[in-house]
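Residue-level structural notes
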Amino acid sequence: MSKEKIALFTIFGGTGDLARRKLYPSLFNLYRKGYLQDHFAVIGTARRPWTDEHYHEVIADSLADLDVDDALVQKFASHFYYQSHDVTDVQHYITLKKLSQKLDDQYGLQGNRIFYLAMAPNFFGTIASHLRSENILTPNGFNRVIIEKPFGRDYATAKELNDQLSATFNENQIYRIDHYLGKEMIQNIPAMRFGNQILEALWNHDYIDNVQITLSEKLGVEERAVYYDNSGALRDMVQNHILQILSLLTMEQPANFDEDGVNAEKVKVLESLHQYTSDEVSTNFVRGQYGATDTVTGYRQEDKIEPDSTMDSFVAGKIMIDNERWSGVPFYVRTGKRLKDKFTRIDVVFKQPLTNIFQNLSAENQLATNVLTINVEPEAGFDLQMTGKQVGQGFATMPVNLHYQHDAQELADSPEAYERLLHDILNGDATNFTHWHQVAASWKFVDVIQKYWDEHQPEFPNYAPGSMGPQAADDLLTRDDRQWVYKD
């Protein structure tokens, strides 16, 4: 059976940074692996008055870092067509419809259409409305729409946006992309949990003391300054990436590992997040903003950032889940810009044995805390810290680390996150995408925190570049007689 997928991609925002850095290389990788062959085409749209020939040059340039044959690149680029397009102009959709039908006939696309809205969210509703009113959606193939974050700024704006999209597309046609859900080790979480009874039997409040999720970034806001100063770390990272990771770590085992089963269980756990009062926010969530050094520009001195900005470039928090499995287990999360290094890791800290039977032999026989670390990036693998006996005479305990790391070459050859997710969309598989009820529950949790912060002035800047955030992030755990597994 052929693995070829058949579709017409229409990319709104085809000249943008996302398209160049992620979409075109990902589509090319699907092409050279045979998932896209003769029966696909891409329409790139934007305001710029490009020709097809110039568009092909842009495509080729976006693939320059790949070690591939130029003839293959040119053959791939020949499937791309450009239309100068104003998303608010009805006439441009009429032109788009004609081009779409022409390419459908030319490449035998069977009416299969994928619309990628790589633009600002305020255009999503306008585009969706015109796709419906100008009959660009097809009755005989599939119609799927892909949208990028931010999906709203709060629950109210997210619902408004969702209502606009839902007027044209059904929920099973909407793919809300979160590239973290395409990462190898994030997709490994369900396999690790539900494929190993030795872990799943311990995966509850009886054996787990706390869980720590860290998404650390070394760079500052860079070219995303305008977006970031209207978003901040809480909206940009916690509402989507971190809460998605948390839901995979904490959901109940689905009846089947498919879109419906996973979505149902993720929604249940996200709706069980403990909703903080204002007073609870002040003690359970911390925000930060990086300052300047002799060699590093502070957040408020970054280009296009207001000099008195109170936007958070760091957030740490304690999340509780009000259900039987996780009652009393704190989930500590943190993420930020200009931190010590770039990495993503999850640390699952297990409870100590009730009795240390070796302490009578020596006061130094302290038991190492069992910690399962899921290294997401840049390395990908697992570490398990256990207690063992030191080699030699007598009986002395020592911490032992069991380590597994994916082969670097194997990882280099594996699909990048966007490639995985585009392949899923071609297959109509939304298991690794965010559904509306997940988005809604996440915003309802985050909105309370953001509202409290909006009403209280922070003392910024409050952490140095190259650190792991403000002192208050450490104090958050110290108050619970705990500490971060990964420290400065």
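Here is what the cut-offs are and how they apply
- Residues numbered from 1 in each chain as written.
- Predicted model: local features only at pLDDT ≥ 70, side-chain atom pairs only at ≥ 80, totals over all residues.
- Heavy atoms only, no water.
- UniProt positions renumbered as here; feature names shortened; annotations may be inferred.
- Domains from an automatic or database assignment.
- Phe/Tyr/Trp six-rings, centres within 6.5 Å; stacked < 30°, edge-to-face > 60°.
- Helix = DSSP H or I, 4+ residues; strand = E, 2+ residues; numbered from the N terminus.
- Buried < 20%, exposed > 50% of the residue type's maximum accessible area, 1.4 Å probe, protein only.
- Lys NZ or Arg CZ within 6 Å of the ring centre and 35° of its normal.
- Salt bridge = Lys/Arg side-chain N within 4 Å of Asp/Glu carboxyl O.
- 1 Å grid on protein atoms, 1.4 Å probe; cavity = no way out; pocket = protein on both sides within 12 Å on 5 of 7 lines; lining within 4 Å.
- Points joined across faces, edges and corners; volume = space filled by probe spheres on them.
- Nonpolar A, V, L, I, M, F, W, Y, C, P; charged D, E, K, R; others polar.
- Contact = heavy atoms within 4.5 Å.
- Polar contact = N/O pair within 3.5 Å; in protein donor to acceptor, adjacent residues only side chain to side chain.
- Core = buried A, V, L, I, M, F, W, Y, C linked by side-chain atoms within 4.5 Å.
- Pairing = 2+ DSSP bridges.
- Axes fitted to C-alpha atoms, helices over the stretch in contact; angles between N-to-C directions.

In the nomenclature of an unreviewed UniProt entry, the protein chain corresponds to Glucose-6-phosphate 1-dehydrogenase from the organism Lactiplantibacillus fabifermentans T30PCM01. As recorded by UniProt, the Function (unreviewed entry) comment attached to the protein chain reads in full: "Catalyzes the oxidation of glucose 6-phosphate to 6-phosphogluconolactone." For the protein chain, the Catalytic activity (unreviewed entry) comment in UniProt is given as "D-glucose 6-phosphate + NADP(+) = 6-phospho-D-glucono-1,5-lactone + NADPH + H(+)".

Turning to the domain arrangement of the protein chain, a few remarks are in order. Frequently, the measure chosen for interface size is the accessible area that the parts lose on association. For the protein chain, the assigned domains read domain 1 (7–148) and domain 2 (181–416 + 434–479). On a C-alpha basis, the centres of domain 1 and domain 2 stand 36 Å from each other.

Following the criterion strictly, the structure yields 28 aromatic pairs and no others. Relative to Tyr82, the ring of Trp50 has its centre 5.4 Å away and its plane inclined at 35°; by these criteria the two rings are tilted. Of this pair, Trp50 sits in the loop between strand 2 (40–46) and helix 2 (52–62) while Tyr82 sits in strand 3 (residues 80–84), and the two are 32 residues apart along the sequence. The burial state of Trp50 is the same as that of Tyr82; both residues are buried. Within the aromatic cluster, the residues linked to one another by ring pairs are Tyr24, Phe28, Tyr31, Phe40, Trp50, Tyr55, Phe76, Phe80 and Tyr82. Lying over the aromatic face of Phe142, Arg144 brings its terminal NZ or CZ to 3.6 Å of the ring centre. Above the ring of Phe151, the side-chain terminus of Arg176 is found at 5.2 Å from the ring centroid.

We now examine the pattern of salt bridges. In this structure the tally under the stated criterion is 21 salt bridges. Across the pair Asp163 and Lys159 runs a salt bridge whose closest N-O atoms are separated by 3.0 Å. Taken together, the positions of Asp163 and Lys159, both in helix 6 (residues 155–166) and 4 residues apart, correspond to about one turn of that helix. Taking the relative accessible area as the measure of exposure, Lys159 reaches 35% and is therefore partly exposed. Through salt bridges with shared partners, a single ionic network connects Arg193, Glu200, Glu252 and Arg325.

In the segment running from Lys149 into Pro150, the intervening peptide bond is cis, with an omega of 5°. Going from Glu377 to Pro378, the amide bond is cis rather than trans, its omega being 5°. One non-glycine residue, Asp481, adopts positive backbone phi at about 60°. Inspection of the secondary structure assignment puts Asp481 in the segment after helix 16 (471–478). Asp481 sits in the exposed class, given a relative accessible area of 73%.

Turning our eyes to something else, we now look at empty space enclosed by the protein. Counting across every chain of the model gives 5 cavities of 30 Å³ or more. Estimates place the volume of the largest cavity at around 170 Å³. Lys149, Phe151, Asn240, Thr434 and Val439 are, among the 15 residues lining the largest cavity, the residues nearest its centre. The element best represented in the lining of the largest cavity is helix 10 (residues 232–250), accounting for 4 residues. Across the lining of the largest cavity, the residue classes break down as 4 nonpolar, 7 polar and 4 charged.

Here we take up helix 14 (residues 417–427). Most of helix 14 sits inside the fold, with 10 of its 11 residues counted as buried. Of the residues making up helix 14, those classed as buried are Ala417, Tyr418, Glu419, Arg420, Leu421, Leu422, His423, Asp424, Ile425 and Leu426. The inward-facing, buried residues of helix 14 abut strand 1 (7–12), helix 1 (17–32), strand 4 (113–117), strand 5 (143–147), strand 6 (174–176) and helix 7 (184–194). Capping the start of helix 14, Glu416 holds a side-chain oxygen 2.8 Å from the backbone nitrogen of Tyr418, two or three residues further along.

The next thing to look at is the nonpolar core. Grouped together as the largest cluster of nonpolar side chains are 104 residues, with contacts concentrated most on Phe285 and Ile346. Each of domain 1 (7–148) and domain 2 (181–416 + 434–479) gives at least three residues to this core. Contact partners of Ile346, with chain neighbours within four places excluded, come to Ile189, Val211, Gln212, Ile213, Ile245, Leu249, Leu372, Thr373, Ile374 and Val376. Listed in part, the 39 residues of the second largest apolar core include Ile11, Ile59, Ile114 and Leu426.

The next point concerns the sheet that holds strand 7 (residues 208–216). Spatial ordering of the open sheet is given by 8-9-10-7-11-12-13-14, a layout of 8 strands whose pairing is mixed. The sheet is open, and its two borders are formed by strand 8 (285–288) and strand 14 (397–405), each paired with just one other strand. On average, adjacent strands in this sheet sit at an angle of 10° to one another, irrespective of strand direction. Pairing between strand 7 and strand 11 (residues 343–350): 8 bridges, direction antiparallel.

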